[in-house]
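The residues making up each chain are set out below.
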Amino acid sequence: MPWFFFLGLTLILIHEMDAVHCREWRIFPLLYQLDDKTGYLVFTWAHVPLYLLLFWGLFGAGGLDRGVMRAGCVFIVHAALHLLFLRHPKNEFKSITSWAMILGERWQG
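Rules and cut-offs
- Residues numbered from 1 in each chain as written.
- Predicted model: local features only at pLDDT ≥ 70, side-chain atom pairs only at ≥ 80, totals over all residues.
- Heavy atoms only, no water.
- Helix = DSSP H or I, 4+ residues; strand = E, 2+ residues; numbered from the N terminus.
- Contact = heavy atoms within 4.5 Å.
- Axes fitted to C-alpha atoms, helices over the stretch in contact; angles between N-to-C directions.
- Parallel < 35°, antiparallel > 145°, perpendicular 65-115°, else oblique.
- Left-handed = near helix turned anticlockwise from the far one by under 90°.
- Nonpolar A, V, L, I, M, F, W, Y, C, P; charged D, E, K, R; others polar.

Trainee: Kindly report on the side chain of Ser98, identifying the contributing residues and their values.
Mentor: By the secondary structure assignment, Ser98 is in helix H4 (residues 96-104). Excluding its chain neighbours within four sequence positions, the residues that come into contact with Ser98 are Asp18, Cys22 and Phe93.

And the structure:
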C-alpha cells in the first residue's frame, strides 16, 4: 500500500478533529440549526458509523486494493464538498493548516 495513501488517511482523520474545532456542523443543511452543544454531540457521534464504513471499505469485502480506491473516491468527494461550501458564512476552515488537511487527504500513490 502506498505511503501517500497512508498520509491521505491520516490527514482526513486529523481533519475531522479540526472539523470539531471549526464547528463544521454549522454549515451542514440539516445540522446548522442546532446549538453548539447538540451540534457537537450529533456531529461527533455521526462519525462512528462513517469511520466504520471507511474502515470496512478498506479492510472488508472486495480486498484492500479496491478499498483504497473506494477511500480515494471518498477523499475526493469530501474535498469537493469543502470547495462547494467554501463561501458559506459559517465556514471556519480558513487556515492554511485546515486546507492542507482537506486537500492533502487526496494524496495517493
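Trainee: Account for the packing of helix H1 (residues 3-21) against helix H3 (residues 63-84), with residues named and values stated.
Mentor: To describe two helices that pack against each other, one gives the angle between their axes and the distance between the axes. In the contact formed by H1 and H3, the axes pass within 11 Å of each other and the chain directions differ by 45 degrees. Between H1 and H3, the interaxial angle falls into the category oblique. Relative to H3, the crossing made by H1 is left-handed. Contact residues: Phe5, Gly8, Leu9, Ile12, His15 and Glu16 in H1; Val68, Ala71, Phe75, His78 and His82 in H3. Of the residues in the contact of H1 with H3, the class split is six nonpolar, four polar and one charged.

Read these as layout, nothing more, since geometry by itself doesn't imply function.
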